[in-house]
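Listed below, chain by chain, are the residues.
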Amino acid sequence: MGGIFAAISKSSENTVPIVIEGLRRLKYRGADNSGIAVLLDGRIEIFKEAGSIEAVSAKLGLENISSRIVLGHTRFATHGRPTVENAHPHTDCERRIAVVGDGSLSNYEDLRDKLLMEGHKITSRSDFEVVAHIFESLLNKEYQSSEFLKEIYSKMEGYFSFAVLEAEKQRIIATTNGPKLFYGLSDKYVLLSSSQYALHGFADQYGELSPGELIILSKDGPTIYTSEGLAKQVQSLPLQLDPILVEKGGYKHHMLREINEVPEALLRTLSSVQKRYLNLAGRLVTGADNIYIIANGTSLHAGMIASYYFSELAGISPIVTSAAEFPLYYLENVGPGTLVIAISQSGETGDVLSSLYEAKLRGATILGITNYVGSRLARLSNLYLPIAAGPEIAVPATKTFTSTLQVLYLVALSSSRQKGKIEESEQKARLEAIKKLAQSLDERLAFIDSEATKAAEKISLCRSGYVVSRGLTYPLALEGALKLKEASYFHAEGVEAGEFKHGPFVLVEQGFATIFIMPVEKVSAEATFPSIEMARQTGATVVVIGSENNQKLLELSQDGVTTIRAVETERHLAPISLAVPLQLLAYRLGEKLNRPIDTPRHLVKAVTQ
């Protein structure tokens, strides 16, 4: 993931300061690396380093550079650690072009191998360096715009956007198949940005590039070509933004922005986990004598859901435990043949790392699942897989949770395929279901948010509550209770639905909240309805979260129960779909109660000790 910002002066004004400020506003998209490509005396010069754009500017003296055409990037590392070599922009062999990108290429490894065999010199482990060399071949063939697009989309797979600075023609070319790209216009500048909010103060008009289109930016303005290679009329709108929202990409809180990024994060994750490494992960799972899944907090809840995945899909039953408990009770069973699946979005969780040190000393193999590829967890692992959700600034984890579930699901599918329990066609169909879920979530987020807001209004009048579910979604009840605590300081407890009547029900009364997540197993769902009715009859506030096509939800809403309808999807993806309403409910409750949502007291993003 990354942030793209470019500027072209219509005259001879220096655009370096504008690009630096644009990248600073995009820091929430990642700041592992930053860099710019400038055109000086007809040649491309690259300035890039590890760190935020402010740090890189101070270190490299970017304020002393002047150029009328500048292409910039701020990076969140998903392919290649956050080193200077992996920083964008990247160049081709002849340094005629510079490339920056957002998203990831799912066939990066195959493209890289092919380009190396063709004699290209590749100096990094960043997936977007291969784009520079593919474009190098296109320039040599003098392709026209329509042929550019055909060649690009026939070779590159994944979820990506990128921009290319072409030295000879002094222009910037960009395209996207999903990640947002905006162009900005003013009397002085022609601009390109990953966010319309980063254009504030520099552009008077803006427009958005549609997937499959190509835009060419020059001092004369933008030219847009459709996927058929036809020139399209450039249409722009007045850029009227609230400057208060610029730093958070248009949202009041980072948590709300990150929940809204869940659909995009799912697609990023899908294209970031390379097939060869996923196959290796599947082999580690199927070849292990015993398996432990260790994590803390939200990651632990994801690991608990993963145990259902592995059991049902691959016939494997891992032991799931808190990383804080693992060294106390399980180390004696660890040795060669043991696989430890360690999950940490930060990759720096203290309990996880200390457990891994002990496990490795005893000969265990480590499969790391982390959002930060430059973390200690990644370095300690025999194999790690990137969550690739992009940076998460708010303390309450949202998009990293859903993307972690997705990675674990992909590993379970790979394990199942290698054990011969599912065919390749079924595996591919399940991957397509993830794409469909992401698209449906994107379309329905606003509606889900409106229902979550109404539910939050009612819960705000309660003193405490339960989050109740069963089966595959029981760990989601624990996660929902955690989110309510973190984002709204509302005391909630996760309860297994079968245990609801065995003690917990004694507290249920008027002024108490009961939030039911409908189980995805038919038998479990039927057994939950009597508990919902019991809670309703006590006068408690009852909220039920279930799939949008569940007819019973409509009946419950007519009986005075507040319902939140999640996107319908296949059973194993239901925890991802149902997590989003829970996250929005926690956020809206925190907003209603005026809590410091992004930075709850006493909590930090990574618990290192």
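Just above, that's the structure.
Everything numeric in this text was worked out from a predicted model, so none of it was measured.

*Asks:* Got a sec to walk through helix α16 (residues 522-537)? Specific residues and values, please.
*Replies:* Taking 1.5 Å per residue as the helical rise, α16 with its 16 residues ought to reach 22 Å, and the 24 Å between its terminal C-alpha atoms agrees with that figure. Taken together, the buried positions of α16 are Ser 524, Ala 525, Thr 528, Phe 529, Ser 531, Ile 532 and Ala 535. In this fold, the buried residues of α16 make contact with β23 (512-517), β24 (541-547) and α17 (551-558). Backbone geometry just after α16 places Gly 539 at a positive phi near 90°.

*Asks:* Lay out the nonpolar core with the relevant residues and their values.
*Replies:* Formed by 85 residues in total, the largest nonpolar core has its most connected members in Phe 310, Ile 341, Leu 367, Ile 369, Leu 385 and Val 467. Structurally, this core is a two-domain feature, drawing no fewer than three residues from each of domain 2 (252-421) and domain 3 (445-608). Membership of the second largest hydrophobic core comes to 29 residues, among which are Ile 20, Val 56, Ile 65 and Leu 191.

*Asks:* Give me the lowdown on the packing of helix α13 (residues 399-418) against helix α18 (residues 574-592), citing residues and values where you can.
*Replies:* Where α13 meets α18, the axes come as close as 10 Å, and the angle between the chain directions of the two elements is 170°. By the angle between their axes, α13 is roughly antiparallel relative to α18. Residues Phe 401, Thr 402, Leu 405 and Gln 406 of α13 touch α18, and the partners they reach there are Pro 575, Ile 576, Ala 579 and Gln 583. Split into classes, the residues belonging to the contact of α13 with α18 amount to 5 nonpolar, 3 polar and no charged.

*Asks:* Describe the packing of aromatic side chains, with residues and values.
*Replies:* Summed over all chains, the structure comprises 14 aromatic pairs. Judged by centre distance (5.4 Å) and plane angle (70°), the ring pair of Tyr 292 and Phe 326 falls under edge-to-face. Placement of the pair is Tyr 292 in strand β16 (residues 290-295) and Phe 326 in helix α10 (residues 326-329), with a sequence separation of 34 residues. The exposure class of Phe 326 is buried, given its relative accessible area of 0%. Between Phe 500 and Phe 516, the aromatic rings sit 5.7 Å apart at their centres with planes inclined by 75°, giving edge-to-face as the arrangement. Of the two residues, Phe 500 sits in the loop between β22 (492-496) and β23 while Phe 516 sits in strand β23, which places them 16 residues apart along the sequence. Taken individually, Phe 500 and Phe 516 each receive the classification buried, so the pair is uniform in this respect. Joined through ring pairs, the aromatic side chains of Tyr 466, Phe 500, Phe 505, Phe 512 and Phe 516 make up one cluster. Lying over the aromatic face of Phe 529, Lys 552 brings its terminal NZ or CZ to 5.1 Å of the ring centre.

*Asks:* Any chance you could break down the pattern of salt bridges for me, citing the residues and the numbers?
*Replies:* Any two side chains of opposite charge can pair if their charged atoms end up close together. Taken as a whole and judged by the stated rule, the model has 40 salt bridges. With a closest N to O distance of 3.3 Å, Glu 208 and Lys 180 form a salt bridge. Within this pair, whereas Glu 208 is found in strand β11 (residues 205-208), its partner Lys 180 is found in the loop between β8 (171-176) and β9 (182-185), the two being separated by 28 residues in sequence. Taking the relative accessible area as the measure of exposure, Glu 208 reaches 39% and is therefore partly exposed. The exposure class assigned to Lys 180 is partly exposed, which follows from its relative accessible area of 46%. One salt bridge connects Glu 496 with Arg 470, and the closest N-O pair in it is separated by 3.4 Å. In this pair, Glu 496 is assigned in strand β22 and Arg 470 in the loop between β21 (464-469) and α15 (474-488), connecting sequence segments 26 residues apart.

*Asks:* How would you summarise empty space enclosed by the protein if you had to cite specific residues and measurements?
*Replies:* Considering all chains together, one arrives at 1 cavity of 30 Å³ or more under this definition. Considering only enclosed or pocket space, the largest cavity measures out at about 70 Å³ in volume. For the lining of the largest cavity, the elements supplying multiple residues, two or more each, are β4 (69-75) and β6 (97-105). Looking at the lining of the largest cavity element by element, the count peaks at 3 residues for β6. Looking at the lining of the largest cavity residue by residue, the classes come out as 3 nonpolar, 8 polar and 3 charged.

Reading the values: rules and limits
- Residues numbered from 1 in each chain as written.
- Predicted model: local features only at pLDDT ≥ 70, side-chain atom pairs only at ≥ 80, totals over all residues.
- Heavy atoms only, no water.
- Helix = DSSP H or I, 4+ residues; strand = E, 2+ residues; numbered from the N terminus.
- Expected span 1.5 Å × (residues − 1).
- Buried < 20%, exposed > 50% of the residue type's maximum accessible area, 1.4 Å probe, protein only.
- Contact = heavy atoms within 4.5 Å.
- Core = buried A, V, L, I, M, F, W, Y, C linked by side-chain atoms within 4.5 Å.
- Domains from an automatic or database assignment.
- Axes fitted to C-alpha atoms, helices over the stretch in contact; angles between N-to-C directions.
- Parallel < 35°, antiparallel > 145°, perpendicular 65-115°, else oblique.
- Nonpolar A, V, L, I, M, F, W, Y, C, P; charged D, E, K, R; others polar.
- Phe/Tyr/Trp six-rings, centres within 6.5 Å; stacked < 30°, edge-to-face > 60°.
- Lys NZ or Arg CZ within 6 Å of the ring centre and 35° of its normal.
- Salt bridge = Lys/Arg side-chain N within 4 Å of Asp/Glu carboxyl O.
- 1 Å grid on protein atoms, 1.4 Å probe; cavity = no way out; pocket = protein on both sides within 12 Å on 5 of 7 lines; lining within 4 Å.
- Points joined across faces, edges and corners; volume = space filled by probe spheres on them.

Distances and angles like these do not, on their own, reveal function.
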